[in-house]
Every structure is written in structure tokens, then in C-alpha cells.
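# Report on the structure
What follows is each chain in one-letter form.
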Amino acid sequence: MTNPVAPSAERSRPVDELFTGAASALWATTYSVDLSLFNEFLLPRLGEPPLNVVVLADHRRLAAGLERLPADAVGALAAVNRRWLLRGIRPGGQAFHPKTYLAVAGTRVTLLVGSGNLSMTGLDRGREVFTSFRSGTPIGDAAIASWRTWVRRVVGLVDDTVLAQRLLDLEARLATVPAGTPAVASPVLHNLDSSLAAQLKTILAEQAPSGIDELLLSAPYYDDDAEAVGRLLTDLRPRRVRIFLTSATSVNGDRLKDQLYVGGATADVLMYQPDEFVHAKLVGAIAGSQGWLLSGSANLSRAALTHTVGQGGNVEVAVLAKLTADEIRAVFMPPETTAVDVHFDQLESWSFQPEPEPEAPAVRLISAAVQVGGRVEVASEPPAEPNWLLDDQAQRQPLTLDATGKAVTAGPLAGRLVRLIDADGSILSNQVVVDDTSALSAALTGAARPGNDLPDGLTTGDLDNPLGQVLAWLHHNLVMEVSDKATPASAGGLAADEGSDDLWVRLEREQLGRDPRASRYGRMWSDTFDGSEPIIELLNALRARTPSEATTGRAGHSLLERLLDQPIHAEDRKPEAEDDPKPRRWPLAARVRVRARNLLRRWADAQTDPRLMWVEPLAPAGNFTMIAVALAELNLAAARTHDHVALTKDDLDDLWLRWLGVFAGGGTRAGWLDQVDHETRTNAQRRLPVWLPEAAAALSWLTIRPGLARRERIVQAQPLIIAALNHDLLDPTDVTARYLSAITGHAVTRTEIDQQLLDAATFIDDDLWCTRTAAELTLEGLTLEEPPGAAAIQVRLGVQGITDPLLDPRLPRLLAATRQYRRCRGIAVHATDGSWRLSMIDGKRIAVLPGLGQQFIESSDLVSDHVLDQINTAVGVLADLFA
């Protein structure tokens, strides 16, 4: 008999839904890809950059397709891995088989999950089934969130930093999409953790406790023994099963018959009419008037349905939709199609037709990327060996290992399609299309240069103020902080998958290492001013001069001398009388002051971020140098002109002490120079300009100059001045004296500056010191006294607010600050409530009475400044020193 045609589902048009000029991103996962279709027809529909376009295809299928590409057709690959990224992947060793398509267009996200590959038949002409999801709806937002989590995990398995970079960009674009209505359970399933069959069994057991009345199955490919069908029948125990076939269906008819008999259900076998190939993969379950449809990429095979990735399973993605019974039956009937019954005896005419897997070469070439100069870096499994060569069908280059262990060709290679060969010319690997990483980055942004946006905290309106312009210049030319906007840990609000952390860290390191601003640091380390250094450019920006307007002056070895010798424009001079107003060059705007001060403080705190050294190992030293230049000019400008350059004297002093403390350390903090290894510290001290100590001495003296509240200011600056002296960062000169005389308006001598800095370093005011230190460490109380008659113990501290001396990280910071302040080597500390006591003598073990009624215990390590510095650098506790 012939079944009547059921009402068909809405026709999906993937090309029209996904490939539009409004799209800013298009990600596709597919088993096979038609490169001609994509490059010549689909890609032009997406318009011009900025675009994030990525296609992930099965590695073996892609390799086989590239192998068949005629030599005269290689030119068709011009846009591949330049304008869009193509990757062949196969995590787990089995087929990469998901068919998913996600497009971002403005504030709308569209996700299609189905059975169609990235080809004309898969997207437009074949008999496929897709499920469409759109953002802004509960079900759409849930499906898109599931897809994001899944694709992030897949990328983590691939371990490809270029791909990971584009995923972070995609997640940033998705983050701008307005949130939809409250979340619901996601209908999107994958088999990374649990098989699709197991998930289907669990869900149906919960939602259809009375059992399944009818099970409908359709797929073009089965196992050789139809075992996956038997598993479904065993798990779901339907009362009736209906199998839909075409003459092209690859299935062992005899084994399918056996599985249907074993299941015990009433079985119907139907054949589509007209007899045309149907690529849709469907599992429908009906219970009463309700139904559940599993659709997507999974065939009726073990690798698709009953296994997980890494355990013999393909990578698959499916959708489980709850529909009515009639809607389920309708989906199984393609448009203009009927189905006729097939007698069981006819099943023996169907045979399993294995689809041969393309033979895998010994080496899997993952990617190849062209570097500056045309050399090509390759990534492969196993890693490339030195005697291998890279071949582009026109020439070949031997591979060498660089200092980081990466395999790079010895010379340039211009071809777009490359493979690995051995010394005898034998083929070792598949072919890949070479990455042009610069072009790929430009395609993401529509511009070739990153980092030319405003720093967080400034607005375009602030650029009307010279200080705002200077801060923008610093941001554009130096890496003052590593932004967390697009870091792996924060992108899209998704946590990195376990085991893939190394990929995201490596990606961030590579991205920072490629920042074009890194090259500026190499031009900074000079003792003269030749007009081409970044420092000269900063000075021109500070004085609102273009290079043509700025006087170069004589080349010399003193920043302060250069500042003093610069002429002042007439409009910039301080008026001699109140009735002689001049045009304001530095308007005092509260909004600019607050934003600039907060930004400079944030930049200071960012200097100990270890990621800055990924940009340039000495980046924090370079940033400190440039801030010294800026603050030296701003202090002089405030004294010479009629206004306070938007930042007040207190602002300038506070910013200098903050930057000095972050760089050199002091008191309760460890600076950048304390945290780096000896080699880096020595290299930084050697590279710092010779004029920096005289400028740092001037800026430090300004924070303790005679005036109101000087004792309080000295106590605040003292630990930083001591640390700077210990690192040879302070050395006043006659130019320092000339500079400070110009600022104060009266003569200041070099001897006075030197003596007052030394006096500040040795200044004693225990009450003020205790008040400041308690506030810095958020202690409830702190006292300091000299115990009489104790030769080994020079200082006795009383502490309120620390309950556990071994586990509170504030105590080692307090000990280090006390040793520096009093230049002592023996300290006794006690809780003011008598609950615990501690004694510490240099070169001996720390003795602690941790609580009332307990015994004294001793540290396993001997104490020293170095040991305390190590603990404080790691934000550790004293318990780290005890066995």
C-alpha cells in the first residue's frame, strides 16, 4: 500500500539564511566542503571585512579533496586562509561529522543544525533536515549557548592557536548580542561526553514513562551488522518500528531483518517513492499524541549513535525536538514523496556498501603559516624532524627548529599548497593551504593594525584635552596593560575546557608577542635624543607640538636638561598679573583629571602582570621610563604655566610613588624588579637610560619637599625611596638641582637634594609609620617599641587584627616592611590580646607560639630578606616555611 503524503515541515533555505551581506561572522562545521562553491559563490555573498569566517571539515576528507585539486586550480585557493580560515580536524581519530552553521548579523544570531554538508546538495538540493535557531528566544538562546560550549571544547581538542584566536573573536561578537528571555533546557546534543543513544534513552525514560508506541528511523548509512538499530530497539523498546529506505541506503538487509526480529516490535519497512537518495538522518519516537525527533548529523551507526568521541565515536551534533505525533510523521516524508511497504523478504536485496576511508599518511600536517620574509612555520603530528622538507609543488625547503622548538623552513616558500616530504622526496603528509596570518587578522578587524582604540576609561571627548591626547598616545604606542577583554578565561563567559588551558595560554602569548607596539621598546633604550625615539615623540605629544614644530635641541644625556631647554610658547607662559589672562592650553576639567588619574593608577598596577613580558621582556621597565618622562614634563609644565595641567600636585606625587613602588618595590610590596629573575633584572638595569636616576631623584624629592604635612609625606614615600636607592634608581645631579629650582622658584642645590632624600630614607616616626602601615594592611591596630636589654631583638610589634600568624598573608608583608623601616634583623611580634607570639632573627628559624596553650614551633627554613621577598612575591604565608 501507499501512504498518503503527510504535511511537510517548513522549507529551510540555508544559503539565504546564513550567507548575507549583513553577516559579520560565519562558522561552519562539516564533514566535506566544496571549496569552489564556497570561494566563488558563498563567500562573495558575505561582503567585505571585518568578517570572521571559519570552516572546520573532516581532516581526511579535506586532505583527499586537496589531493584531487588540479595544479592549474590552485589559484582558486587565493582567499583560503587569507580572508577566511579552513581547518581539517579529526579529534579522537574517528570522523569529524557535525553539520552546524552559525551566522552573526548585527544583533541577530542564526544557528542551523542538520544533516547537510557544505556543498550545493547539502545546503540547497539534497534531501536534508535542518533545525533553525535564532537568538532572542528562549530555545534559540539555549541552543546557541550549547553550540558555543561545544565548539570551544572542539577547538581545545584541536590545539591550534590561529583557530583559537578566531574563536575568541567570535565569542566577543556574540557577547554583543542582547540577552534573550529566561533560559530553558537546550535541545542541542553532542557526543563528547555521552553517546547520543544513551542521552536519548535517558530523556525518553523521563518524558515518556509509559513507553514508546512507535519508533521511526531513516538514514542513508548503517553499520555493517545494523547493530545501532538493535541498540535503539533494546533501549527504547517500542511497540512498533518503521524503517524508511531508498535503494541507495547502505545497510545489510539480512542483519537489519535479524535486529528487527530480536527487538520484538511490530516492524514496517518502507521505501521512498520516487526512489531518490535521502541524506537526512532521523530518529522519531512517538508516545500517544506526543513525539520526539532526533535529527542532525548522526547516521544509524555505532560510531555516530552509540560511541563517544575518543572511544571510537565520530564527532556528531544532533537536535532533540519535542513535537506532536503528526509533526514527527510529517518530517519523515520529503516534499512530493510517498512511501510504499517493503516485504521483509525483500530486505535481502539491500547490502552494506562500505565507504572507504581515504588512506592516512604517516604524518598529519595540521597547519602551515608564512612568516615575515616568506619562511613557513609548520605544525604536525608527530612534530617535524630536521631532515624533513616542505614542498609546494614548485620548490621545497628544508625544515629547521628555531629557539622555541618550532619547525620553520630554512628559506622562503611561495606556494599556497604545501606538504611534508622526506630527504628522498617521498610524501610524508597531507597537503594544507598556507596561512597568511597578517591577512587573516586584517580580515577580522578590517584594519591591519591592532591597538588603535582608546584605552578603557577614556572617551573621545577627552581627546580635546592635551592630557587625554598624551594618554591615547601612550596606549597606541606602548602596551601599558594587557586587556582582559578578549582573554580566553573571560571570552563569552565560558570556562576553558579541562586539558585545553595550554592552548589558550599559548594563544594569548603568541597574540601579545605579535603586538606591533612591541617594536617600540627596542628604540627606547638610548642615552641620547636623536629626534626619532619614542621618548621624543612623547615629549612632542606632551607639549602639543608636531615633529616639525618641535625644536630638536642638542643631543644630550639628560632628560631634565632637555625639558628645561625647551622654549615655552607665549600662550603657555604663566601670566604676570591677574589682569593679563592668557588662553588656556591645559583646561582644568574635573572629568579629565579623574579619568586620567584612574587610568594611570590602573596602568601602574598592571606592570607586574607577567603577561606584559610576553609582549617584550623589558616592557615594564620601558613603561616606567616613559611615565617618568611624562611626569617630569607635567611637573615642569604645572610650574611654568598658569594652570595645573588637569592633574594637581598631589595627583602627580601620588602617581609617581605608585609607579615607583610597582617598579622598585618597598615596604609591604614587592616591585617588578624584585619579582623577575636575576638575569632580567640585570638586563633591565643595564638598559635603563643613564638620565633616569637624576629624573627619578627629582620626582622623588618633589614628594617630600618642604611644606605642609611633610612628616606624613615622608613616611608615605620612605619605603619606596629606600627600595629605589637599593636598586640604584636615585642619583641627583646638578641638572636635578636646576630642574627643581625651576619648579620651586628658589635655588635648590644638589647637596640639599641628596641629603634630604637620605634623611627621608632614615626618618623615624613610629606613630606615623604604624598608622600608615596598619591602614595599608587593613590591621585594626599596630604598635612599635624597642624592647630594653634584648640584643637580638631590636623591635617589638603589637598587632591587632591577625588571628592566625601562620596563615595570614599580611604578617610576612609586615615583617618585611618593619625590617626595611628600622633596618633591624631581629623582630618580636605578639597579638595584643595575647593569643599568639612570634620571634624572627636573621639567619635563624622563626619561632611561633600559634595559640594559647600550644607549644612553640620552629620554621624549617632560616629567615632572610630573600626568603621574605619570595613569600611576599608569591602572596604566600609563613606556614610555607614550616614542615
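Given the structure is predicted, the values throughout are model-derived calculations rather than measurements.

Quick look at the overall build of the chain now. For the chain, the helix and strand inventory stands at 30 helices and 27 strands. Taking all 883 residues of the chain together, the buried fraction comes to 55%.

The buried count for strand β5 (residues 108-114) comes to 6 of 7 residues, which makes it a mostly enclosed element. Sheet topology note: the strand β4 (residues 99-105)/β5 ladder contains 7 bridges and is antiparallel. Looking at the pairing, Leu102 lines up with Leu111 of β5. Between β4 and the antiparallel strand that follows it, β5, lie 2 residues; Gly106 among them carries a positive phi value of about 65°.

Structurally, the position occupied by Ala79 is in the loop between α3 (59-67) and β3 (85-89). Using a relative accessible area of 21% as the deciding quantity, one classes Ala79 as partly exposed. A sequence separation of 40 residues divides Ala79 from Asn39, and the C-alpha atoms of the two residues are 7.1 Å apart. Apart from residues lying up to four places away in sequence, Ala79 is in contact with Asn39, Leu43 and Trp84.

Burial of helix α16 (residues 534-542) is extensive: 8 of the 9 residues sit out of reach of the surface. Looking at the buried side of α16, the elements it contacts are α13 (466-477), α15 (519-522), α17 (559-565) and α20 (619-640).

What follows deals with the pattern of salt bridges. Summed over the entire model, instances satisfying the criterion amount to 43 salt bridges. Between Arg329 and Glu214 there is a salt bridge; the shortest N-O distance is 3.0 Å. Of this pair, Arg329 sits in helix α11 (residues 325-331) while Glu214 sits in strand β8 (residues 214-218), and the two are 115 residues apart along the sequence. The shortest N-O distance in the salt bridge between Asp865 and Arg825 comes to 3.3 Å. You can see Asp865 sitting in helix α30 (residues 865-873) and its partner Arg825 sitting in the loop between α29 (810-822) and β24 (826-831), a full 40 residues away along the chain.

Right, let's get into the nonpolar core. Counting residues in each nonpolar core, the largest one holds 127 residues, and the members touching the most others are Leu474, Tyr739, Trp769 and Leu838. In this view, Leu474 contacts Met480, Leu538, Trp603, Met626 and Ile627; residues no more than four positions away in its chain are not counted. Counting residues in each nonpolar core, the second largest holds 42 residues, with Ile212, Leu217, Val251 and Leu305 among its members.

Before going further, it helps to spend a moment on the sheet that holds strand β23 (residues 795-800). Overall, mixed pairing links the 6 strands, which are arranged β22-β23-β24-β25-β26-β27 in an open sheet. A strand with exactly one partner marks an edge of an open sheet, and here the two such strands are β22 (781-785) and β27 (857-862). On average, each strand axis in the sheet is tilted by 15° relative to the strand beside it, whichever way the strands run. Across 3 bridges, the pairing between strand β26 (residues 845-849) and β27 is antiparallel. When the bridges of β27 are listed, Ala847 appears paired with Glu858.

Looking now at the environment of Gln431. Note that Gln431 resides in strand β21 (residues 427-433). In this structure Gln431 comes out as buried when scored by relative accessible area, which is 4%. The spacing of Gln431 and Glu67 is 364 residues in sequence and 7.0 Å in space, taken between C-alpha atoms. When neighbours within four sequence positions are excluded, Gln431 is seen to be in contact with Leu66, Glu67, Gln393, Leu417, Val418 and Arg419. At 3.4 Å, the side chain of Gln431 forms a polar contact with the side chain of Glu67. In this structure the side chain of Gln431 is engaged in a polar contact, spanning 2.7 Å, whose partner is the side chain of Gln393.

All right, on to the packing of aromatic side chains then. The description of two aromatic rings rests on the distance between their centres and on the angle between their planes. This model, assessed by the stated rule, comprises 10 aromatic pairs. Here the aromatic rings of Phe244 and Tyr272 are separated by 5.5 Å at their centres, their planes lie at 25°, and the arrangement is stacked. Of this pair, Phe244 sits in strand β9 (residues 240-245) while Tyr272 is found in strand β10 (residues 266-273), placing the two residues 28 residues apart along the sequence. We note that Phe244, like Tyr272, is buried. When the ring of Phe244 is compared with that of Phe332, the centres are 5.4 Å apart and the planes differ by 35°; the resulting orientation is tilted. Of this pair, Phe244 sits in strand β9 while Phe332 sits in the loop between α11 and β14 (338-342); the two residues are 88 residues apart in sequence, bridging distant segments of the chain. Across the pair, Phe332 and Phe244 agree in class, each one buried.

Turning next to the packing of helix α25 (residues 710-726) against helix α27 (residues 750-761). Helix-helix packing is described using two parameters, namely the angle between the two axes and the distance between the axes. For the pair α25 and α27, the least separation of the axes is 7 Å and the interaxial angle reads 95°. Considering the angle they form, α25 stands roughly perpendicular to α27. Side by side, α25 and α27 meet where Arg710, Ile714, Gln718, Ile721, Ile722 and Leu725 of the first sit next to Gln756, Leu757, Leu758, Ala760 and Ala761 of the second. Considering only residue class, the contact of α25 with α27 consists of 8 nonpolar, 2 polar and 1 charged.

So, on to the side chain of Ser380. Within the secondary structure, Ser380 sits in strand β16 (residues 376-381). One polar contact links the side chain of Ser380 to the main-chain carbonyl oxygen of Pro382, over a distance of 2.8 Å. At 3.3 Å, the side chain of Ser380 and the backbone nitrogen of Ala384 are in polar contact. In this structure Ser380 touches Val363, Arg364, Leu365, Ile366, Trp388 and Leu420, once residues within four positions along its chain are discounted.

Bringing the side chain of Arg173 into the picture now. With respect to the helices and strands, the residue Arg173 is situated in helix α6 (residues 161-175). In this structure Arg173 comes out as buried when scored by relative accessible area, which is 15%. Within the local environment of Arg173, its side chain forms a polar contact with the side chain of Asp169, the two groups lying 2.5 Å apart.

Moving on to the pairing of β24. By the criterion of burial, β24 is predominantly enclosed, with 6 of the 6 residues buried. Bridging between β23 and β24 involves 5 bridges; their strand directions are parallel. Each residue of the ladder has a partner; that of Arg796, found in β24, is Ala828. Handedness of the crossover joining β23 and β24 through α29: right-handed. Pairing between β24 and strand β25 (residues 837-841): 5 bridges, direction antiparallel. Opposite Val829, over in β25, you have Leu838 as the bridge partner. Hairpin remark: β24 followed by β25, antiparallel, with 5 residues in the connecting loop; positive phi at Gly834, about 75°.

Looking at the chain as a whole, its pLDDT mean stands at 85, while 89% of the residues score no less than 70. Confidence over residues 448-452 falls short of pLDDT 50; this stretch has 8 contacts with residues more than four positions distant or in other chains. Here residues 545-555 is modelled with pLDDT under 50, and outside its nearest four sequence neighbours on either side it reaches 15 contacts, counting other chains as well.

Pairing is mixed in the open sheet, where 6 strands are placed in the order β3-β2-β1-β4-β5-β6. Both outer strands of the open sheet, β3 and β6 (130-134), are each paired with one neighbouring strand and no more. Within the sheet, the average angular offset between the axes of one strand and its neighbour, ignoring direction, is 10°. Bridging between strand β1 (residues 23-30) and β4 involves 6 bridges; their strand directions are antiparallel.

What follows concerns the environment of Pro732. When you line up the elements, Pro732 lands in the loop between α25 and α26 (734-744). Under the relative-accessibility criterion, Pro732 is labelled buried at 4%. Separated by 18 residues in sequence, Pro732 and Arg750 place their C-alpha atoms 6.3 Å apart. For Pro732, the residues in contact, after removing those within four places along its chain, are Ala697, Arg750, Ile753, Asp754 and Leu757.

Our next topic: unusual backbone geometry. Here the amide bond leading from Pro49 into Pro50 is cis, since omega sits at 10°, within 30 degrees of zero. Note that Pro50 resides in the loop between α2 (35-45) and β2 (52-58). Looking along the chain, the bond that leaves Glu381 and enters Pro382 is cis, with omega of -5°. Mapped onto the elements of the fold, Pro382 is located in the loop between β16 and β17 (389-391). Unusually for a residue other than glycine, Asp728 sits at a positive phi of about 60°. Residue position: Asp728 is located in the loop between α25 and α26.

Cut-offs used in this document
- Residues numbered from 1 in each chain as written.
- Predicted model: local features only at pLDDT ≥ 70, side-chain atom pairs only at ≥ 80, totals over all residues.
- Heavy atoms only, no water.
- Helix = DSSP H or I, 4+ residues; strand = E, 2+ residues; numbered from the N terminus.
- Buried < 20%, exposed > 50% of the residue type's maximum accessible area, 1.4 Å probe, protein only.
- Pairing = 2+ DSSP bridges.
- Contact = heavy atoms within 4.5 Å.
- Salt bridge = Lys/Arg side-chain N within 4 Å of Asp/Glu carboxyl O.
- Core = buried A, V, L, I, M, F, W, Y, C linked by side-chain atoms within 4.5 Å.
- Axes fitted to C-alpha atoms, helices over the stretch in contact; angles between N-to-C directions.
- Polar contact = N/O pair within 3.5 Å; in protein donor to acceptor, adjacent residues only side chain to side chain.
- Phe/Tyr/Trp six-rings, centres within 6.5 Å; stacked < 30°, edge-to-face > 60°.
- Parallel < 35°, antiparallel > 145°, perpendicular 65-115°, else oblique.
- Nonpolar A, V, L, I, M, F, W, Y, C, P; charged D, E, K, R; others polar.
- Right-handed = clockwise from strand over helix to strand, strands pointing away.
- pLDDT = per-residue confidence, 0-100.

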